[in-house]
Amino acid sequence: MPSYRYCPHCGTPLMALPMSGRERMACVQDGCQFVQWDNPLPVLAAVVEYEGKLLLARNAAWPPSMYALVTGFLERDETPEAGVARELKEETNLDAQSVSLIGVYEFMRKNELIIAYHVRATGTIALSEELADYKLVAPEKMRIWNAGTGFAVADWLAARGYPVRFFDRQTGEDIPDPRQAARAEGAGATLQYRP
Ligand SMILES: [Zn+2]
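Just so you know, these numbers come straight off a predicted model, no measurement behind them.

J.: How would you summarise the sheet that holds strand β1 (residues 15-19) if you had to cite specific residues and measurements?
T.: Taken together, three strands build an open sheet; the order of strands is β1-β2-β3 and the sheet is antiparallel. At either margin of the open sheet sits one strand with a lone partner, and together these are β1 and β3 (35-36).

Laid out in structure tokens, this is it:
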């Protein structure tokens, strides 16, 4: 979602105004009620199970060692289940045989909300131009990155009794489960929110 400095409707510079409990960038022009709500954008993610392995893909714009889930945005008038199946088809040519929800995960760094599905897939892999490479990883060998979609993989693995191992994408080293550290930090804390 772009961050506007000028109203996209009338071109007036936006101003920070208190609205619905937060400061929002809003248009003050008479008759124009544009408000940049800046709500997180939902993004679909697929833990793709293909021939007993999990498919990870590397975006063409990413560093060579970085692989992740197939992700994409919902289209208008599309259910998330259909959206994730469509993204999978577009990006890998695989067909979704079943689509089931793993969970919903924050991705505040990008102001997104991840809706993660387990997708059982069949077919022949053919990558779109968006993707440079893929790999198939046995669930018991999976190492998980410490970010949004990684937590969906962790939950999927844990639910099936597989080891849950996180690693640091920068160093490549194994790290402790970052969610446990976050939970310990959050324990006893009160929600800090000042409108
Ligand atoms: Zn305006």
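J.: Which residues make up the UniProt feature "domain: Nudix hydrolase" (unreviewed entry) in the protein, and what values do they have?
T.: Taken from the UniProt record, the annotation "domain: Nudix hydrolase" (unreviewed entry) applies to residues 38-159. Along residues 38-159 the backbone is 20% helical and 44% strand, and the end-to-end C-alpha distance reaches 34 Å.

J.: So what's going on with the sheet that holds strand β10 (residues 144-145)? Which residues, and what values?
T.: One open sheet accounts for three strands, arranged β10-β11-β12; its pairing is mixed. Looking at the sheet topology across the chains shown, the edges are occupied by β10 and β12 (174-175). As paired elements, β10 and strand β11 (residues 166-167) share two bridges and run parallel to each other. Considered in β11, the bridge of Trp145 is made with Phe167.

J.: Can you explain the nonpolar core? Please cite residues and give values.
T.: By size, the foremost hydrophobic cluster in this structure holds 34 residues, and its most contacted members are Ala46, Val47, Val48, Leu88, Ala116, Val119 and Ala152. Looking at this core, the elements that each hand over two or more residues are β4 (41-50), β5 (53-59), α1 (80-92), β7 (95-107), β8 (112-122), β10 and α2 (148-159). Not counting the four nearest positions on each side in its chain, Leu88 is found in contact with Ala46, Val48, Val70, Leu94, Ala96, Val119 and Ala121. Membership of the second largest hydrophobic core comes to five residues, among which are Cys7, Met25, Ala26 and Cys27.

J.: Pulling in residues and values, what's your account of the environment of Gln29?
T.: Residue placement: Gln29 occurs in the loop between β2 (22-26) and β3. Taking the C-beta count within 10 Å as the criterion, Gln29 has 15 such neighbours and is therefore assigned partly exposed. Each C-alpha atom of the pair Gln29 and Tyr117 lies 43 Å from the other, and the pair is 88 residues apart in sequence. Leave out the neighbours within four places in its chain, and Gln29 touches Cys7, Cys10 and Thr12.

Reading the values: the criteria
Residues numbered from 1 in each chain as written. Predicted model: local features only at pLDDT ≥ 70, side-chain atom pairs only at ≥ 80, totals over all residues. Pairing = 2+ DSSP bridges. Helix = DSSP H or I, 4+ residues; strand = E, 2+ residues; numbered from the N terminus. UniProt positions renumbered as here; feature names shortened; annotations may be inferred. Core = buried A, V, L, I, M, F, W, Y, C linked by C-beta atoms within 7 Å. Buried ≥ 20, exposed ≤ 12 C-beta atoms within 10 Å, placed from the backbone. Contact = placed C-beta atoms within 7 Å.

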